[in-house]
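Chain residues, written in single-letter form:
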Amino acid sequence: MSSLPVSRRRLLQAAGAGALASAAGLGPLGGGPAAAAVVPPVRPDLGVSAYPFTLGQVRLTAGRWLDNQNRTLSYLRFVDVDRLLYNFRANHRLSTGSAAATGGWDAPTFPFRTHMQGHLLTAWAQAYAVLGDTTCRAKADYMVAELAKCQANNGAAGFGAGYLSGFPESDFTALEARTLSNGNVPYYCVHKTLAGLLDVWRHTGNTQARDVLLALAGWVDTRTARLSSSQMQAMLGTEFGGMNEVLADIYQQTGDGRWLTAAQRFDHAAVFNPLASNQDQLNGLHANTQVPKWVGAAREYKATGTTRYRDIAANAWRIATGAHTYVIGGNSQAEHFRAPNAIAGYLTNDTCEHCNSYNMLKLTRELWQLDPSRADYFDFYERTLLNHVIGAQNPADSHGHVTYFTPLNPGGRRGVGPAWGGGTWSTDYNSFWCCQGTGVEINTKLMDSIYFYNGTTLTVNLFVPSVLTWTQRGITVTQNTTFPVSDTTTLTLSGTMSGSWSIRLRIPSWTTGATISVNGTVQSVTATPGSYATVTRTWAAGDTIAVKLPMRVIMRAANDNADVQAITYGPAVLCGNYGSTTPAGLPALTVSTITRTSTSSLAFTATANGATVNIGPFHDAQGFNYTVYWNTGAAAVTYKLVNVGSGLVLGIQDMSTVDGGLALQWDDSGTADHNWVMVTDGSAVRFRNVNSGKVLGVENMSTADNARVLQWSDNGTADHRWTLIDNGDGTHRIRNVNSGKLLAILNGSVARGAQAVQDPDNGSADNRWRLVRLT
Ligand SMILES: [Zn+2]
């Protein structure tokens, strides 16, 4: 947004329960899935080796996820479509009838009005697809029919064929000329409308939605085809949502190459080029302007097979989650990315915009389907969905309104919105900001990533109470759990099944000692944290699979300050309850005092600032001031690791700050990557690189001799833990907890730049290290 005289951010600063008991029973098939209405895409996605079930094949059962869905559903059934049509009708020279205008970001004077309607079309379509909710379908059908009338009046309104918006087409003329100065982000709004129409078409089968969609997409194609590539790239300096994503989706849906060409015009070179070469140049960028472009890159890969798109998406994910993400899974401060690993310095009232995490979840899901062995993708998904997204909805509000930011300052409290739109929780008609839009979308598809399949193999990624109706195979899977209060989830199979087939279960990186039982008998299957456990057998109706994932308190340090830490327990971030008081700075926490006080809830206590504080799950921290991060007291102790064989010190190749940067030995030249903070982790330690904030681990959690040692995000896997063994001569052996091997140098080399590896304990000099304390 920085290229505009009046940025969206500046504009905003200047401006100042109904659980539906009947919801589970709705549906045209007497409560059965509504999946039959789905219009499948013409083209299959390329490169994919795991497939989601269609909306409607998975339903939530009692729990926080269902409660969230019901509150949002209540709002979706309530909201008045004629009021939402006000700006469209006024702009397209049709009568607004007796409808009152709306407020907030949909006020008739707000520059990018009519972005919200697309989100609502998506949410209504999803509510129908998931639950068969005909009230929601009727609202979507009515809005589509009225939007068609708006489009049909373009001649009288002086607009080009297919145009559809709540603001005049002249804003696009100014956008293309780089003279637009009213704060509008026109393609951002068009993206939402296109995505909403596409979802109504594909999830409900409404062919008028298809026609309105393709007419508007045709207007986009016509409008952009006449621009030179330099004009187009200059225009992409203004936020445009996921235009590349939705146009690639329309290409997949229709098979018409026109839409792929249009999609690729929205490839933003200034953002894509550094990501293609795995460079982190996010500092200072408006965060949620970028994430939808990355989702678009993933969709363009699946449409074309061009690996550069895949690399852009995967690198963006790695950079954003590794160097720009707070412990709750959210990113951004004041809507912007900061310097890599700048976390502790940005614990403010305006961290973690909701939209960013919504879009990061979409990106994560796209990437995981390309590489379903990557459990770390769903470790992130679980953490972000639970702690940020689920928790962003106000459970005290029967319409499920949401917070825009999730504050992470000590004494923060949810319910913080931009000034234009009330500054607090979203409201029925007077906020309509972006995060309200992504809020209604996510809370109508919370079940879409619990289960996936490939052939006859079922993958269970999330531990959420739900029922999967695998209609293609006649199998029903019922998942019962109170996770994460309980560490166990139980899957029960029913239906008709025969032959041998497999169930893959995600074993999160945060657990140790995971077990899988079938019909009460513990199975002898590998259940390594940070991977998938597979159980293959001839299943029978009535079989139960119990997955036990023991949880423990794990402290998570901010990337840039080992003293600033958050408490996690399994997937849940825990926070301190400060009532209506505001601590003066991060409370000083005595980590050893953290104690669980209940088995039926995630209630803990601890001592902070010398007093007892109640600790609980962050997603339930509603209506009181909290702290997520703490000062853990122990000053960071920094060491150099000097190899006894070579006399050289351990560092990171090229001072890399990315996941996978290789550990090697080098002259003691004093660069920051030679300094390591030793973080106590039970009876072991983690070595955190001062330069990158990453911790020392073993490539792919290998247990083999000579496996490379490298740095990785501190995500809790066992290969990040090392045990120090005192040799009694001022040196130590450093043993990897996961592999049992020792930190060493490949082939005992004494050369500068030689790779650090893990070795058997064979007494060689390169297996010994001197820990030289620096602070
Ligand atoms: Zn937002």
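Residues numbered from 1 in each chain as written. Predicted model: local features only at pLDDT ≥ 70, side-chain atom pairs only at ≥ 80, totals over all residues.

Re the overall build of the protein chain
Helix and strand counts for the protein chain come out as 19 helices and 32 strands. On C-alpha atoms alone, the protein chain measures out to a radius of gyration of 27 Å, which is about the 28 Å that the 2.2 N^0.38 rule sets for 775 residues. The principal-axis extents of the C-alpha atoms in the protein chain amount to approximately 90 × 60 × 55 Å. (Helix = DSSP H or I, 4+ residues; strand = E, 2+ residues; numbered from the N terminus. Rg over C-alpha atoms; globule rule 2.2 N^0.38 Å.)

Concerning the sheet that holds strand S9 (residues 515–518)
With antiparallel pairing, seven strands are arranged side by side in an open sheet as S2-S5-S6-S7-S12-S9-S10. Each edge of the open sheet is held by one strand with a lone partner, namely strand S2 (58–60) and strand S10 (521–522). Note that strand S5 (residues 466–470) and strand S6 (residues 475–481) share five bridges and pair antiparallel. When the sheet's bridge partners are listed, Leu468 is paired in S6 with Val477. (Pairing = 2+ DSSP bridges.)

Comments concerning the sheet that holds strand S3 (residues 451–454)
Strand order in the open sheet formed by five strands is S1-S3-S4-S8-S11, with mixed pairing between adjacent strands. At either end of the open sheet lies a strand with only one pairing partner, and these are strand S1 (51–52) and strand S11 (531–538). Here strand S8 (residues 500–507) runs beside S11; their pairing, made up of eight bridges, is antiparallel. Within the sheet, the bridge partner assigned to Ser502 lies in S11 and is Thr536.

Focus: the nonpolar core
Trp124, Leu197, Leu213, Leu247, Ala313, Leu574 and Val628 are the most contacted members of the largest nonpolar core, which totals 214 residues. Of all the elements, helix H5 (residues 116–131) adds the most residues to this core, at 11 residues. When sequence neighbours within four positions are dropped, the list of residues in contact with Trp124 reads Leu76, Cys136, Arg137, Lys139 and Ala140. (Core = buried A, V, L, I, M, F, W, Y, C linked by C-beta atoms within 7 Å. Buried ≥ 20, exposed ≤ 12 C-beta atoms within 10 Å, placed from the backbone. Contact = placed C-beta atoms within 7 Å.)

Side note on helix H15 (residues 287–304)
Here H15 spans 26 Å end to end across 18 residues, near enough to the 26 Å set by a 1.5 Å rise per residue. Counted residue by residue, H15 has 17 buried out of 18 residues, so it is predominantly covered. Positive backbone phi, approximately 80°, marks Gly305, located one or two places after H15. (Expected span 1.5 Å × (residues − 1).)

Some thoughts on unusual backbone geometry
Look at the link from Phe483 to Pro484: it is a cis peptide, with omega at 5°. The residue Pro484 is located in the loop between S6 and strand S7 (488–495) in this model. One non-glycine residue, Ser332, lies in the positive phi region at around 85°. Following the sequence through the fold, Ser332 ends up in the loop between helix H16 (307–323) and helix H17 (354–370). Judged by C-beta crowding, with 28 C-beta atoms within 10 Å, Ser332 ranks as buried. In this structure, Met701 takes a positive phi of about 55° despite not being glycine. Along the polypeptide, Met701 turns up in the loop between strand S26 (695–698) and strand S27 (709–712).

Section: the packing of H17 against helix H19 (residues 434–442)
Contact geometry for H17 and H19: axes closest at 8 Å, N-to-C directions at 40°. For the element pair H17 / H19, the angle class is oblique. Along this stretch, H17 crosses H19, giving a crossing that reads as left-handed. The segment H17 lies against H19, with His354, Cys355 and Tyr358 engaging Cys434, Cys435, Thr438, Gly439, Glu441 and Ile442. (Axes fitted to C-alpha atoms, helices over the stretch in contact; angles between N-to-C directions. Parallel < 35°, antiparallel > 145°, perpendicular 65-115°, else oblique. Left-handed = near helix turned anticlockwise from the far one by under 90°.)

Let's talk about H16
Residues lying three or four places apart along an α-helix face the same way, a consequence of the helix completing one turn every 3.6 residues. The terminal C-alpha atoms of H16, which comprises 17 residues, lie 24 Å apart, in line with the 24 Å expected from a rise of 1.5 Å per residue. The buried count for H16 comes to 13 of 17 residues, which makes it a mostly enclosed element.

Section: the environment of Leu66
Positionally, Leu66 belongs in helix H2 (residues 64–78). C-alpha separation for the pair Leu66 and Val485, spaced 419 residues apart in sequence, amounts to 16 Å. Excluding residues that lie within four positions of it along the chain, Leu66 makes contacts with Leu60 and Thr61.

Quick look at the confidence of the model for the protein chain
Averaged over every residue, the pLDDT of the protein chain is 93; residues scoring 70 or more account for 94%. Here residues 1–36 is modelled with pLDDT under 50, and outside its nearest four sequence neighbours on either side it reaches 66 contacts, counting other chains as well. (pLDDT = per-residue confidence, 0-100.)

With respect to the environment of Leu227
Its location among the elements puts Leu227 in the loop between helix H10 (207–225) and helix H11 (229–235). For the pair Leu227 and Glu176, spaced 51 residues apart in sequence, the C-alpha to C-alpha distance is 8.3 Å. Once residues lying within four places of it in the same chain are set aside, the contact partners of Leu227 are Glu176 and Met232.

Quick word on the pairing of strand S12 (residues 544–548)
Note that S7 and S12 share five bridges and pair antiparallel. For Thr488, the partnering residue across the bridge sits in S12 and is Lys548. Sheet topology places S9 next to S12; four bridges connect them, and they run antiparallel. Each residue of the ladder has a partner; that of Val518, found in S12, is Ile545.

Brief notes about the packing of helix H9 (residues 186–204) against H10
Contact geometry for H9 and H10: axes closest at 8 Å, N-to-C directions at 150°. What the angle tells us is that H9 and H10 run roughly antiparallel. The crossing of H9 and H10 is left-handed. Note on element contacts: H10 touches H9 through Ala209, Arg210, Val212, Leu213, Leu216, Ala217 and Val220, opposite Val190, Thr193, Leu194, Leu197, Leu198, Val200 and Trp201. A breakdown of the residues in the contact of H9 with H10 according to their chemical character gives 12 nonpolar, one polar and one charged. (Nonpolar A, V, L, I, M, F, W, Y, C, P; charged D, E, K, R; others polar.)

What to know about the environment of Gly411
Along the polypeptide, Gly411 turns up in the loop between helix H18 (375–389) and H19. According to the C-beta neighbour criterion, Gly411 is buried, with 20 such atoms within 10 Å. Distance in space between the C-alpha atoms of Gly411 and Gly585 is 8.6 Å, their sequence separation being 174 residues. Discounting chain neighbours no more than four positions away, the residues touching Gly411 are Tyr578, Thr582, Pro583, Asn625 and Thr627.

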